[in-house]
Amino acid sequence: MRKGATPHDVDVCVVGGCGRAGLPLAIAFARGGLRTSAYDTDPDRVAAVSRGVMPFLEAGADVALREALVGEALTATTDVAVVERAAALVIVIGTPVDEFLNPDLAPFRRAILGLRPHIAPGALVVLRSTVYPGTTEWRARDLADNGVATDVAMCPERIVEGRALEELADLPQIIGADTERAGERARALFAHVTDRFVDASTREAEVAKLLTNAWRYMKFAVANSFFMVSHNAGVDYSRVLNAIRQDYPRAADLPGPGFAAGPCLLKDTMQVAAFARNVFTLGQAAMSVNEGLPQYIVDHVQRRIPLVGKTVGVLGMAFKPGSDDSRASLSYKLRKLLDQAGATVLCTDPHVRGDEILPLERVLTEAEILFVGVPHP
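Here the structure is a predicted model, which is why all the values come from computation and not from measurement.

Cut-offs and rules
Residues numbered from 1 in each chain as written. Predicted model: local features only at pLDDT ≥ 70, side-chain atom pairs only at ≥ 80, totals over all residues. Heavy atoms only, no water. Axes fitted to C-alpha atoms, helices over the stretch in contact; angles between N-to-C directions. Helix = DSSP H or I, 4+ residues; strand = E, 2+ residues; numbered from the N terminus. Parallel < 35°, antiparallel > 145°, perpendicular 65-115°, else oblique. Left-handed = near helix turned anticlockwise from the far one by under 90°. Contact = heavy atoms within 4.5 Å. Nonpolar A, V, L, I, M, F, W, Y, C, P; charged D, E, K, R; others polar. Core = buried A, V, L, I, M, F, W, Y, C linked by side-chain atoms within 4.5 Å. Buried < 20%, exposed > 50% of the residue type's maximum accessible area, 1.4 Å probe, protein only. Salt bridge = Lys/Arg side-chain N within 4 Å of Asp/Glu carboxyl O. Pairing = 2+ DSSP bridges. Polar contact = N/O pair within 3.5 Å; in protein donor to acceptor, adjacent residues only side chain to side chain. pLDDT = per-residue confidence, 0-100.

Q: Could you clarify how one ought to interpret the packing of helix α10 (residues 265-275) against helix α11 (residues 281-304) in this entry?
A: For any two helices packed against each other, the geometry is given by the interaxial angle and the distance between the axes. Interaxial distance between α10 and α11 falls to 9 Å at its minimum, and their mutual angle equals 150°. As summarised for this structure, α10 and α11 are arranged roughly antiparallel, according to the angle between their axes. For the crossing formed where α10 meets α11, the hand is left-handed. Counting all contacts with α10, which are made through Leu 266, Thr 269, Met 270 and Ala 273, the residues of α11 involved are Gly 283, Gln 284, Met 287 and Glu 291. Across the contact of α10 with α11, the residue classes break down as four nonpolar, three polar and one charged.

Q: Mind showing me how you'd approach the nonpolar core here?
A: If you look at soluble globular proteins, the nonpolar side chains tend to sit buried side by side. Counting 38 residues, the largest nonpolar core has Ile 27, Phe 29, Leu 74, Val 90, Val 126, Leu 189 and Phe 190 as the members making the most contacts within it. Counting residues per element, this core draws most heavily on helix α1 (residues 22-31), at seven residues. Not counting residues up to four positions away in its chain, the partners in contact with Val 126 are Leu 89, Val 90, Ile 91, Ala 153, Cys 155, Leu 189 and Phe 190. Counting 26 residues, the second largest nonpolar core, distinct from the first, contains Val 10, Val 82, Ile 91 and Val 152.

Q: How do you make sense of the pattern of salt bridges when you look at a structure like this?
A: Opposite charge on two side chains permits them to pair, given that their charged atoms come into close proximity. Enumeration according to the criterion identifies 19 salt bridges in this entry. Note that Arg 85 is salt-bridged to Asp 9, the shortest N-O span being 2.9 Å. Separated by 76 residues along the polypeptide, Arg 85 in the loop between β3 (74-77) and β4 (86-91) and Asp 9 in the segment before β1 (10-15) bring together distant segments of the chain. The residue Arg 116 makes a salt bridge to Asp 142 at a minimum N-O spacing of 2.7 Å. Separated by 26 residues along the polypeptide, Arg 116 in the loop between α4 (105-115) and β5 (124-127) and Asp 142 in helix α5 (residues 135-145) bring together distant segments of the chain. The partly exposed category is assigned to Arg 116, whose relative accessible area is 22%. One connected set of salt bridges, linked through shared partners, spans Arg 20, Glu 161, Asp 324, Asp 325 and Arg 327.

Q: I keep staring at the packing of α4 against α5 and nothing clicks. Help me out?
A: At a closest axis distance of 12 Å, the pairing of α4 and α5 adopts a crossing angle of 30°. As far as their axial angle goes, α5 and α4 are roughly parallel. Relative to α5, the crossing made by α4 is right-handed. Counting all contacts with α4, which are made through Phe 108, Arg 109, Ile 112 and Leu 113, the residues of α5 involved are Thr 135, Trp 138, Arg 139 and Asp 142. Taken together, the residues of the contact of α4 with α5 sort by class into four nonpolar, one polar and three charged.

Q: Explain the side chain of Asn 290 to me, please; I cannot follow it from the model alone.
A: Checked against the element boundaries, Asn 290 lands in helix α11. In this structure, Asn 290 is in contact with Tyr 217, Phe 220, Ala 221, Asn 224, Ala 260 and Leu 330, ignoring residues within four places of it in sequence.

Q: Whenever I open this one, the sheet that holds β3 confuses me. Can you help?
A: Hydrogen bonds along the backbone pair up the strands of a sheet, which may run parallel or antiparallel. Pairing within the open sheet is mixed, and its eight strands lie in the order β3-β2-β1-β4-β5-β6-β7-β8. The open sheet has two edge strands, β3 and β8 (197-200), and neither has a second partner. In this sheet, neighbouring strand axes are inclined to one another by 25° on average, regardless of whether the strands run parallel or antiparallel. Looking at chain direction, strand β6 (residues 151-154) and strand β7 (residues 173-177) are connected through two bridges and run antiparallel. Residue pairing for β7: Ala 153 is matched across the bridge by Ala 177.

Q: I'm lost on helix α12 (residues 330-340) in this one. Help?
A: Within α12, the full set of buried residues consists of Leu 330, Ser 331, Tyr 332, Leu 334, Leu 337 and Leu 338. Buried residues in α12 make contact with α11, β9 (311-315), β10 (344-348) and β11 (369-372). Two or three places before Ser 331, at the opening of α12, Ser 329 has a side-chain oxygen 3.2 Å from that residue's backbone nitrogen. Directly after α12, the chain includes Gly 342, whose backbone phi takes a positive value near 95°.

Q: Looking at this structure, how should I read the sheet that holds β10?
A: Taken in spatial order, the three strands line up as β10-β9-β11 in an open sheet, and their pairing is parallel. If you trace the sheet from one side to the other, it starts and ends with β10 and β11, each paired once. Across the sheet, the mean angle from the axis of one strand to that of its neighbour is 25°, orientation sign disregarded. Here four bridges tie β9 to β11, and the two strands are oriented parallel to one another.

Q: Which parts of the structure should I look at to understand the environment of Val 125?
A: Looking at where Val 125 falls in the secondary structure, it is placed in strand β5. Spatially, the C-alpha atoms of Val 125 and Leu 69 are 24 Å apart, while their sequence positions differ by 56 residues. Sequence-distant contacts of Val 125, that is, excluding residues within four places in its chain, are made with Leu 89, Ile 91, Ile 119, Leu 143, Thr 150, Asp 151, Val 152 and Ala 153.

Q: I'm lost on the confidence of the model for the chain in this one. Help?
A: Interpreting fine coordinate detail is not advised for predicted regions of low pLDDT. In this model, the chain carries an average pLDDT of 95, and 98% of its residues clear a pLDDT of 70 or more. Between residues 1-6, whose pLDDT stays under 50, and residues either more than four places distant or in other chains, the model counts 11 contacts.

Spelled out as structure tokens, the structure:
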């Protein structure tokens, strides 16, 4: 422990605490009465949070953040020394996939190992984001082998981005632990956020997180596949979908068709495929359907209207409606395909920022053909 540090004068430190998954959780902990610190390596986000400014869209979070900052119930910092002072750490750092769509464990392990010297003895360490199965066991073993006595748990985040504060309170929290003490401590921590829990081992919790996102991704693939089947047959799928779902509870959860993307769904489905030794054919088929939808749309437009020399507009560049998050958005894949087809592509979005984002009025005025990438409200 660094000289001058006061042990455990922070109840919980959320590592990655100014990001889209970390900050709502940090706010929820502070609202639940915990002295909370949001540690993040992004100085711009930390500065914004410290001023009471949400760095992204999240329902109800603007007011909740300002309230949490009162009396320093919540603080944000780039100083890793805060980790040493925390009784509990919640690490919101996930596992990405590489260019071959296989789990890339190296960046995650580097970040986690960098935290090791700062973790106080006796701390509770909770992994929160998607990790490859077995990672929590590795984390516990690494700390023990290096003489850091901690309790380690896996408590996966399962909220819908944009409704985190609502769902953190309403949804049951999976408590993944391999020892009774770790489970009890993790449950006590999250009892400040919710009163509903599901017990599991750490590996069961890791797999549950992956399969939750894979199932959602596969449902979208079924919806998109049904759309293609109907569209190819010249049948109005919107009317078919209404006929299927109307007052029929067994089909109420069939989504509508559309771009299925974002920072988790494809990535986690591919991690399941790797965990299954690449025999997860349903997940791989879902990727083919969802990732192929932009090409399907461009091809069908091309049959009616050649795109060479046309000016086209893409409305909506976020990965889902009502969001300002453009990570892994298929609207950008659509833009690339339209460009390859010889069109001049103009993009607009009321929430996403970037040099390529143009005013809506200009796109509507100049575009000869419009593509709705994301149907924002």
